[in-house]
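So the chains spell out like this:
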Amino acid sequence: MPTVSVKRDLLFQALGRTYTDEEFNELCFEFGLELDEITSEKDIISKEKGEEKAKGASDTVLYKIDVPANRYDLLCLEGLVRGLQVFKERINLPRYEKIIPAQGEGQRLIITEETVQVRPHAVAAVLRNINFTKERYDSFIDLQEKLHQNICRRRALVAIGTHDLDTISGPFTFTAKAPSEIKFKPLNQSQEYTASQIMDLYRTDSHLRHYLHLIENKPLYPVIYDSNGVVLSMPPIINGDHTKISVNTRNVFIECTGTDITKAKIVLDIIVTMFSEYCEKPFSVEAAEVVYPNGKTHIYPELAYRKEKVKPELINKKIGISETPSSLAKLLTRMCLKSHVIGNGNNIEIEIPPTRADVIHACDIVEDAAIAYGYNNIQMTIPKTYTIANQLPLNKLTELLRLDLAAAGFTEALTFALCSQEDIADKLGMDISATKAVRIANPKTAEFQVARTTLLPGLLKTIAANRKMPLPLKLFEISDIVVKDPNTGSAFFPGRCAEIFAKGQSIGKLGVLHPDVITKFELTMPCSALEINIEPFM
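Examining the side chain of Gln85
- Summarising the element assignment, Gln85 is placed in helix 5 (residues 77–87).
- Engagement of the side chain of Gln85 in a polar contact is seen with the backbone oxygen of Leu15, the distance being 3.3 Å.
- Apart from the residues lying within four places of it in its own chain, the contact partners of Gln85 are Ala14, Leu15, Arg90 and Ile91.

In structure tokens:
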């Protein structure tokens, strides 16, 4: 689940009242969220880098709130406050309006056919006469990063670009060129670079280097120009410095490019609905025209409202309650799903706003009704079926092992069952064919190409992500792996490892990891590991 960090005082100011920590925790639970942690910037730095580094850091109280992964409308302070205010019936859900400029006065984004093999889709919109403050600006930037890491799948599906419209002139052109033909000054840089030089520049950047692989092997790189040849961005890597926005920006041109048009439209809708409340005309968005290579045009953002019908009996049955249709409609309206009873009370008509892309089926509507009703208010009943459950022996053994390992001072990690081919092959000093790994037919990202054949890469990546923590780092994991045939490859240092036998068969290995393996996982300290198969003990 994504975690949203908000300043407590700023949150309470937006909500129009203060809460104790316990009261706000209860409010989050009622709304289907979780107040994960109460901290401050100073505490965070102190934990990660020590008290010396934390000197001078802010003591402002931060609430870290866990948000459901598909609730993109709650990933920023604006959406969170709006949702809570509607939930507590303090405000009505706003109506988002798309303003289409007069012919020839609106912004146009022209897509050329060269983009087809790189990032074929683009959408755009304008936030006109917006009023930023430092807090609003920071929230605007933070939402983009949250979306990039979430629905955008680390920019693989969608990349967001925001630009000061007053510094550029339309129409804009989204095209693709050879790296040597693209030259501009990247965001916050002092000189111009070619696209190839930009890739080299950010190869060691802790943030941007993770996105370079998305286009670096392509013969053409995507780029967006204005009518004067000014570069807006080279998606999905970096924006141009010429168009960077600031607190003083009044008109924002937003473009989202990507490989998934549906996700791009959702991302654009979320950004403009969250921050259009700060426009001169609140909750209004200026549309932009996108021209496709075949000459067809489309107006964005769509800001589409749609209606669904659900029977009250279905909602009551699925939740286990017996509310009237009008009461159920009121519950759904509190969840930002404007609803009313139609006919003779046989149906509830629900309007799905553009902020709720997570609602795709009747079961999503039922879930929101259950949240608004309150899970703790649902009467507990004994199921009509009678069964006796029994714990699987393997699960019982793993629980016992977890307790003993934790008691020995180890911290449990839970890593992904899928990983990249590089993780289980190149980084462990093996050829991918020797691993006999189960491959995913249509992986959505390079990080999840195969089912893991060993737990070692996941633990080493966890250590690499926490290498600033005090040593020693002692981690363990007890989870499944997938192997078509056991392999004999080893990530251990020759002469400093041993094979473990039990009941006449090899069950694993232990020893010091090979220095090459350590280096490939971006670690600098020696590391030893033990990996065994516990199934023979059953």
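Details of the environment of Leu212
- Secondary-structure assignment places Leu212 in the loop between helix 7 (195–201) and strand 11 (221–225).
- Leu212 sits 25 residues away from Ile237 along the chain, and the two C-alpha atoms are 6.7 Å apart.
- With residues up to four places along the chain from it excluded, the contact list for Leu212 reads Met199, Tyr202, Arg203 and Ile237.

Topic: a nonpolar patch on the surface
- Judged by side-chain polarity, Leu510, Leu530, Ile532 and Phe537 come together as a nonpolar surface patch covering roughly 360 Å² of accessible area.
- With respect to the secondary-structure elements, Leu530 resides in strand 26 (residues 528–532).
- With relative accessibility at 56%, the residue Leu530 sits in the exposed group.

A short note on the sheet that holds strand 17 (residues 306–310)
- Spatially, 17-19-18 is the arrangement adopted by the 3 strands of the open sheet, whose pairing is antiparallel. Where the open sheet ends on each side, the last strands, each with one partner, are strand 17 and strand 18 (338–342). Along the sheet, successive strands turn relative to each other by an average axial angle of 25°, direction set aside.
- Bridging between strand 18 and strand 19 (residues 347–352) involves 5 bridges; their strand directions are antiparallel. Each bridged residue has a counterpart across the sheet, and for Ile342 the counterpart in strand 19 is Asn347.
- The strands touched by helix 10 (residues 325–334) within the sheet are strand 18 and strand 19, with strand 18 carrying the most contacts at an inclination of about 165°.

Some thoughts on the nonpolar core
- By size, the foremost hydrophobic cluster in this structure holds 94 residues, and its most contacted members are Phe24, Ile65 and Leu147.
- Once residues lying within four places of it in the same chain are set aside, the contact partners of Phe24 are Leu11, Phe12, Leu15, Tyr19, Leu35, Tyr63, Ile65 and Leu84.
- Listed in part, the 22 residues of the second largest apolar core include Tyr193, Ile198, Tyr202 and Ile238.

What about the pairing of strand 25 (residues 505–513)?
- Relative to strand 25, strand 24 (residues 492–502) runs antiparallel, the two sharing 7 bridges. Paired with Cys497 across the strands is Gly511, a residue of strand 25.
- Where strand 24 hands over to strand 25, the hairpin turn is made up of 2 residues, of which Lys503 adopts a positive phi near 55°.
- Pairing of strand 25 with strand 26, which is carried by 5 bridges, proceeds in the antiparallel orientation. The residue bridging Gly508 from the neighbouring strand is Ile532, located in strand 26.

Here we look at the packing of helix 6 (residues 134–149) against helix 8 (residues 261–275)
- Between helix 6 and helix 8, whose axes approach to 11 Å, the crossing angle comes to 160°. By the criterion of interaxial angle, the relationship of helix 6 to helix 8 is roughly antiparallel. Relative to helix 8, helix 6 is oriented so that their crossing is right-handed. Residues Arg136, Ser139, Phe140, Leu143, Gln144 and Leu147 of helix 6 lie in contact with helix 8, whose contacting residues are Val267, Ile270, Ile271, Met274 and Phe275.
- Of the residues belonging to the contact of helix 6 with helix 8, the class tally is 8 nonpolar, 2 polar and 1 charged.

Overview of the state of the cysteines
- Inspection of every chain in the model, using the stated rule, returns 0 disulfides.
- Cys497 forms no disulfide, and the closest cysteine sulfur to it belongs to Cys527, at a distance of 14 Å.

Focus: the packing of aromatic side chains
- Considering all chains together, one arrives at 13 aromatic pairs under this definition.
- On the numbers, 6.0 Å between centres and 65° between planes, the contact of Tyr19 with Phe24 is edge-to-face.
- Residue classification places Tyr19 among the buried residues on the basis of a relative accessible area of 11%.
- Between the aromatic rings of Phe24 and Tyr63, the centroid separation amounts to 5.0 Å while the plane-to-plane angle is 20°, which identifies the pairing as stacked. Here Phe24, found in helix 2 (residues 21–30), pairs with Tyr63, found in strand 3 (residues 61–66); they are 39 residues apart in sequence, far enough to count as distant. For the pair Phe24 and Tyr63, a shared accessibility class is recorded, and that class is buried.
- Three or more aromatic residues link up through ring pairs in this structure, and these residues are Phe132, Tyr137, Phe140, Phe275 and Tyr278.

Parameters at a glance
- Here, residues in each chain are numbered from 1, in the same order as that chain's written sequence.
- Reporting in this predicted model follows two pLDDT cut-offs: at least 70 for local features of residues, and 80 or more for side-chain atom pairs to be given and counted; totals over whole chains, interfaces and linings ignore these cut-offs and use all residues.
- Note: side-chain values were computed over all heavy atoms of the structure, leaving out hydrogens and water.
- Under the scheme used here, helices are H or I runs from DSSP no shorter than 4 residues and strands are E runs no shorter than 2 residues, and both carry numbers assigned from the N terminus.
- By the criterion applied in these results, polar contacts are pairs of N or O atoms within 3.5 Å in which, for protein atoms, one can donate a hydrogen and the other can accept it, and in which residues neighboring in sequence qualify only through two side-chain atoms.
- Contacts are residue-level and defined by heavy atoms, with any inter-residue pair within 4.5 Å sufficient.
- A residue counts toward a patch only above 30% relative accessible area and without a salt bridge, and it is joined to like-charged neighbours within 9 Å or, for Val, Leu, Ile, Met, Phe, Trp and Tyr, to nonpolar neighbours within 5 Å.
- Only the protein chains shown count as cover for residues, and all accessible areas are computed by the Shrake-Rupley method using a 1.4 Å probe.
- Any carboxyl oxygen of Asp or Glu that lies within 4 Å of a side-chain nitrogen of Lys or Arg is treated as forming a salt bridge with it.
- Exposure is judged per residue with a 1.4 Å probe applied to protein chains only, and the accessible area is read against the type maximum: over 50% gives exposed, under 20% gives buried, and values in between give partly exposed.
- Here, strands pair whenever DSSP counts at least two bridges between them.
- An axis is simply a line fitted to the C-alpha atoms; with a helix, the fit covers only the stretch in contact. Between two such axes, the angle follows the N-to-C directions and lies from 0 to 180 degrees.
- In plain words, nonpolar cores are sets of buried Ala, Val, Leu, Ile, Met, Phe, Trp, Tyr and Cys residues tied together by side-chain atoms within 4.5 Å.
- Just so you know how the angles are binned, under 35 degrees is roughly parallel, over 145 roughly antiparallel, 65 to 115 roughly perpendicular, and the rest oblique.
- Less than a right angle of anticlockwise turn of the near helix away from the far helix marks a crossing as left-handed, whereas a clockwise turn marks it as right-handed.
- Polar here means any residue outside two lists: the nonpolar Ala, Val, Leu, Ile, Met, Phe, Trp, Tyr, Cys and Pro, and the charged Asp, Glu, Lys and Arg; Gly therefore counts as polar.
- Two cysteine sulfur atoms make up a disulfide if the distance between them is within 2.5 Å.
- Any Phe, Tyr or Trp ring, taking Trp's six-membered ring, that has another such ring centre within 6.5 Å forms a pair; planes under 30 degrees apart are called stacked, those over 60 apart edge-to-face, and the others tilted.

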